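Remarks on the overall topology
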Amino acid sequence: MKCYLQKPSEVERKWYLVDAKGKTLGRLSTEIATVLRGKNKVTFTPNVDGGDYVVVINAEQVQVTGKKRQNKVYRHHTGYIGNLKEINFDKLLVKNPTKIIEYSVRGMLPKNKLRADMMKRLRIFAGPEHPHQAQKVEVLEFN
């Protein structure tokens, strides 16, 4: 039996819609990362970017367990001396709820040159509306 290796020219991409309303952040992010990477397909090849597009709606209604709402801290450095900025989950949820899912999914993708292309296929919206109806988006359900 021969081994099949997918070529970048043979990739067929679909569009999936994920509703984040009431979903746990980590479990949601792992499913999104799996689809972005293409591991849900039979033709998965690790060195080829064969994933699909994912549209996430209702990002502002994502849930976390335990005390992460108050204790989880997102940090970034501005590049200047002593400028390590911190913001907790609650404040970031009010300021920019799409960044929470973006950071979570980004951390679950492989740290290589394919990650930037995978992240370009992730579209996150805070509310229930999105402009991608023309792509015939399929609803992605998971447990």
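Looking up the protein in an unreviewed UniProt entry gives the name Large ribosomal subunit protein uL13, with the organism given as Criibacterium bergeronii. Regarding the protein, the UniProt comment filed under Subunit (unreviewed entry) reads as follows: "Part of the 50S ribosomal subunit." What UniProt states about the protein under its Function (unreviewed entry) heading is, verbatim, "This protein is one of the early assembly proteins of the 50S ribosomal subunit, although it is not seen to bind rRNA by itself. It is important during the early stages of 50S assembly."

The next subject is the nonpolar core. Core analysis: the biggest nonpolar cluster contains 29 residues, and Ile 32, Val 56, Ile 101, Val 105 and Leu 122 have the highest contact counts within it. For this core, the elements supplying multiple residues, two or more each, are strand S1 (15–19), helix H1 (25–37), strand S2 (53–57), helix H3 (89–95), helix H4 (97–108), helix H5 (115–120) and strand S5 (122–124). If we skip the residues at most four places from it in the chain, Ile 32 touches Val 54, Val 56, Ile 101, Val 105 and Leu 122.

As a further point, take the environment of Gln 135. Here Gln 135 shows up in the loop between S5 and strand S6 (138–139). We classify Gln 135 as partly exposed; its relative accessible area is 33%. Taking the C-alpha atoms as reference, Gln 135 lies 23 Å from Leu 114; in sequence the two are 21 residues apart.

Right, let's talk about the packing of aromatic side chains for a bit. This model, assessed by the stated rule, comprises 2 aromatic pairs. Taking the centre distance of 5.7 Å and the plane angle of 35° together, the rings of Tyr 74 and Tyr 103 count as tilted. Remark: Tyr 103 occurs in helix H4 and Tyr 74 occurs in strand S3 (residues 73–77); sequence separation between them is 29 residues. Its end group placed over the ring of Phe 142, Lys 23 keeps NZ or CZ at 5.3 Å from the ring centre. Of note, Lys 72 hangs over the ring of Tyr 74, and the distance from its end group to the ring centre comes to 5.0 Å.

What follows deals with the pattern of salt bridges. Scanning the model with the defined rule gives 8 salt bridges in all. Between Asp 49 and Arg 121 there is a salt bridge whose closest N-O contact spans 2.8 Å. Of this pair, Asp 49 sits in the loop between H1 and S2 while Arg 121 is found in the loop between H5 and S5, placing the two residues 72 residues apart along the sequence. Relative accessible area serves as the criterion here: at 4%, Arg 121 is assigned to the buried category. Here Glu 86 ties to Arg 75 by a salt bridge, and the two come within 2.9 Å at their closest N and O atoms. Residue Glu 86 is found in strand S4 (residues 84–88), and its partner Arg 75 is found in strand S3; the two are separated by 11 residues along the sequence. The exposed category is assigned to Glu 86, whose relative accessible area is 52%.

What counts, and where the lines are drawn
- Residues numbered from 1 in each chain as written.
- Predicted model: local features only at pLDDT ≥ 70, side-chain atom pairs only at ≥ 80, totals over all residues.
- Heavy atoms only, no water.
- UniProt positions renumbered as here; feature names shortened; annotations may be inferred.
- Core = buried A, V, L, I, M, F, W, Y, C linked by side-chain atoms within 4.5 Å.
- Buried < 20%, exposed > 50% of the residue type's maximum accessible area, 1.4 Å probe, protein only.
- Helix = DSSP H or I, 4+ residues; strand = E, 2+ residues; numbered from the N terminus.
- Contact = heavy atoms within 4.5 Å.
- Phe/Tyr/Trp six-rings, centres within 6.5 Å; stacked < 30°, edge-to-face > 60°.
- Lys NZ or Arg CZ within 6 Å of the ring centre and 35° of its normal.
- Salt bridge = Lys/Arg side-chain N within 4 Å of Asp/Glu carboxyl O.

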